[in-house]
Amino acid sequence: MRGKGHSKALDGVYAAASPDELARAYADWSASYDHDTLSLGYALPFVVTSWLARHVPKGDGPILDAGCGTGLSGGYAKALGYDRLEGLDFSPDMLAVAAGRGAYAKLTEAELGKALPWPDGHFAAFFSTGVFTEGHAPASALDELVRITRPGGYAVLTVRDTVLVSQGFRAKFTELEKEDRWETVDESPLFRAFTIAEPEVLVQAFVFRVL
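Residues numbered from 1 in each chain as written. Predicted model: local features only at pLDDT ≥ 70, side-chain atom pairs only at ≥ 80, totals over all residues. Heavy atoms only, no water.

A. Here's a closer look at the pattern of salt bridges. Across all of its chains, the model carries 12 salt bridges by this definition. Among the ionic pairs, Arg-54 bridges to Asp-186, the shortest N-O distance being 2.8 Å. Linking Arg-54 in helix α4 (residues 44-55) with Asp-186 in strand β6 (residues 182-187), this pair joins segments that are 132 residues apart in sequence. A salt bridge links Arg-147 to Glu-144; the shortest N-O distance between them is 2.7 Å. Of this pair, Arg-147 and Glu-144 both sit in helix α7 (residues 141-147), separated by three residues, roughly a single helical turn. The class for Arg-147 is partly exposed, based on a relative accessible area of 23%. The exposure class assigned to Glu-144 is buried, which follows from its relative accessible area of 19%. Beyond isolated ion pairs, a larger network of salt bridges with shared partners links Asp-143, Lys-172, Glu-175, Glu-179 and Arg-181. (Salt bridge = Lys/Arg side-chain N within 4 Å of Asp/Glu carboxyl O. Helix = DSSP H or I, 4+ residues; strand = E, 2+ residues; numbered from the N terminus. Buried < 20%, exposed > 50% of the residue type's maximum accessible area, 1.4 Å probe, protein only.)

Here's what the structure looks like:
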């Protein structure tokens, strides 16, 4: 059951059955996304940057906001002193909003789960906020994100509880550890992604060090 004040646009995003449907849902939502999500108490853009600040020195860079959307996380990462930020998203409409924030040195339209247009070890770290959830980027996207992160760099991400096991994220975490591609640094307990509405939307945050 949805909590009071839930977003029909958010329902539409979760209900998308294909990448094309998801792209259309975000195109329709892009203009009001920030207002709608923040009015529900969306906390992940603020929380994920705290894990970034805990582990990644602010002079390191470049840093990739993977699945940046409208750039909410990027704006707060910049406020914390991360001034070499790049953003990636598959929605040109969301990227257009992100561009207006002035937080990113570069924005790239690309889809997580497919080949990414950067060389091996390009980034000092990546962070991904609210992207690994129902109907969104697959666990296999982590292979490319790890590839483009330099050894000694960090991966900071949130994963929705409902997909953590069922869609292979736990298995992918273990696979990457067994292949000596990363090691676990930090893992949060489950917490609410929205502080006002949507009480059933629970996530965990994870931090890995790339090897």
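Following the structure, the description resumes.
B. Structural context of helix α5 (residues 72-79). When α5 is considered as a whole, its buried residues turn out to be Leu-72, Ser-73, Gly-74 and Ala-77. With its phi angle positive at about 105 degrees, Gly-81 sits one or two positions after the end of α5.

C. A look at the environment of Leu-112. Inspection of the secondary structure puts Leu-112 in the loop between β3 (106-109) and β4 (123-132). In the structure, Leu-112 is positioned 24 residues away from Leu-88 in sequence and 8.6 Å away in space, judged by C-alpha atoms. Those residues within four positions of Leu-112 in sequence are excluded, and the remaining contacts are Ala-66, Gly-67, Leu-88, Val-131, Ala-137, Pro-138, Ala-141 and Leu-145. (Contact = heavy atoms within 4.5 Å.)

D. Structural detail: the pairing of strand β5 (residues 149-160). For β5, a buried count of nine out of 12 residues is recorded, marking the element as mostly surrounded by other parts of the structure. Here β4 pairs with β5 via six bridges, running parallel. Bridge pairing in β5 places Phe-123 opposite Thr-149. Running through α7, the crossover from β4 to the neighbouring parallel element β5 is right-handed. Strand direction decides the pairing type here: β5 and strand β8 (residues 202-210), joined by seven bridges, are antiparallel. The residue bridging Val-159 from the neighbouring strand is Gln-204, located in β8. (Pairing = 2+ DSSP bridges. Right-handed = clockwise from strand over helix to strand, strands pointing away.)

E. Region of the structure containing the packing of aromatic side chains. Using the criterion set out here, one finds 10 aromatic pairs in the structure. Relative to Phe-194, the ring of Tyr-42 has its centre 5.2 Å away and its plane inclined at 35 degrees; by these criteria the two rings are tilted. Highlighted residues: Tyr-42 in the loop between α3 (33-39) and α4 and Phe-194 in the loop between β7 (191-192) and β8, separated in sequence by 152 residues. We classify Tyr-42 as buried; its relative accessible area is 9%. (Phe/Tyr/Trp six-rings, centres within 6.5 Å; stacked < 30°, edge-to-face > 60°.)

F. Geometry of the packing of α4 against α5. Running from N to C, α4 and α5 point in directions that differ by 45 degrees, and their axes come no closer than 9 Å. Overall, the two elements α4 and α5 adopt an arrangement that is oblique. Taken as a pair, α4 and α5 cross one another with a handedness that is right-handed. Contacts from Pro-45, Phe-46, Val-48, Thr-49 and Leu-52 in α4 reach Leu-72, Ser-73, Tyr-76 and Ala-77 in α5. A breakdown of the residues in the contact of α4 with α5 according to their chemical character gives seven nonpolar, two polar and no charged. (Axes fitted to C-alpha atoms, helices over the stretch in contact; angles between N-to-C directions. Parallel < 35°, antiparallel > 145°, perpendicular 65-115°, else oblique. Left-handed = near helix turned anticlockwise from the far one by under 90°. Nonpolar A, V, L, I, M, F, W, Y, C, P; charged D, E, K, R; others polar.)

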